[in-house]
Amino acid sequence: AQSVTQLDSQVPVFEEAPVELRCNYSSSVSVYLFWYVQYPNQGLQLLLKYLSGSTLVKGINGFEAEFNKSQTSFHLRKPSVHISDTAEYFCAVSDHAGNNRKLIWGLGTSLAVNP
Amino acid sequence: KAGVTQTPRYLIKTRGQQVTLSCSPISGHRSVSWYQQTPGQGLQFLFEYFSETQRNKGNFPGRFSGRQFSNSRSEMNVSTLELGDSALYLCASSLGYGSKNIQYFGAGTRLSVL
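These numbers were taken from a predicted model, which means no experiment stands behind them.

(A) Looking closely at the nonpolar core. One finds L33, W35, L47, L48, F74, L76 and Y89 of chain A to be the most contacted residues of the largest nonpolar core, which totals 28 residues. Not counting the four nearest positions on each side in its chain, F74 of chain A is found in contact with C23, L33, F34, W35, L48, K49, Y50, A65, E66 and F67 of chain A. Counting residues in hydrophobic clusters, the runner-up holds 21 residues, among them V19, L21, F47 and Y49 of chain B.

Below, the structure written as structure tokens:
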């Protein structure tokens, strides 16, 4: 069965510092990978996705992630964070199995950017 | 283009009651998925509808049900509410059905069961 582990539940960081939010998954089949962000009292917004092709994926708001198949990881990075990046970040995976789409989610990482 | 709209935003119910939540997808989107979000369990998939048919279902009891109308709007119903049903319920829409289709989320309905 698929599963997603976000290795850090909370990540505090100072403004303009780099950040990495870690995500590992387990699956016996090829997968699609996603990062979503949730701001307070809002729904989730797609940051970036890996479907195929280049393993380095660039998303919105300066975020990027690298798909590492051998380590089954999809870590999210940003070279310089802003106060406005404070939010909850979710990693999700779904498999390629036909049209049976069921996103499996990590428990989230709370990013707190301090001045 | 308007986003995904969920109504109501907040609900307070008592144990044993039933509740209906509504979701209007982005115009042109034909797939609607529902998720339950709680601090302890995170996001859990409830079900997905496409063209008025349930295409996929998560591991929730039969008290949780849904439907989709011909205009793609969807409703989710929870009968005989339990305290553990308190959660944020999120609806997501996508153009099509399948893993590659990106989901766009509404702001959610926060349900409190007393």
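(B) Spotlight on the packing of aromatic side chains. This model, assessed by the stated rule, comprises 13 aromatic pairs over all chains. Measuring from centroid to centroid gives 6.4 Å for Y25 of chain A and F67 of chain A, while their planes differ by 25°, and the two rings are stacked. Of this pair, Y25 of chain A sits in strand 4 (residues 23-26) while F67 of chain A sits in strand 8 (residues 64-68), and the two are 42 residues apart along the sequence. The buried category is assigned to F67 of chain A, whose relative accessible area is 11%. For the ring pair Y35 of chain B and F45 of chain B, a centre distance of 5.7 Å and an interplane angle of 65° mean the geometry is edge-to-face. Of this pair, Y35 of chain B sits in strand 4 (residues 31-38) while F45 of chain B sits in strand 5 (residues 42-50), and the two are 10 residues apart along the sequence. Accessibility classification places Y35 of chain B together with F45 of chain B in one group, the buried group. Each member of the aromatic cluster is reached from another via a ring pair, and the members are F34, Y36, F90 and W105 of chain A together with Y35, F45 and F105 of chain B.

Basis of the calculations
Residues numbered from 1 in each chain as written. Chains lettered and ligands numbered in written order. Predicted model: local features only at pLDDT ≥ 70, side-chain atom pairs only at ≥ 80, totals over all residues. Heavy atoms only, no water. Core = buried A, V, L, I, M, F, W, Y, C linked by side-chain atoms within 4.5 Å. Buried < 20%, exposed > 50% of the residue type's maximum accessible area, 1.4 Å probe, protein only. Contact = heavy atoms within 4.5 Å. Phe/Tyr/Trp six-rings, centres within 6.5 Å; stacked < 30°, edge-to-face > 60°. Helix = DSSP H or I, 4+ residues; strand = E, 2+ residues; numbered from the N terminus.

Keep in mind these values describe shape, not function.
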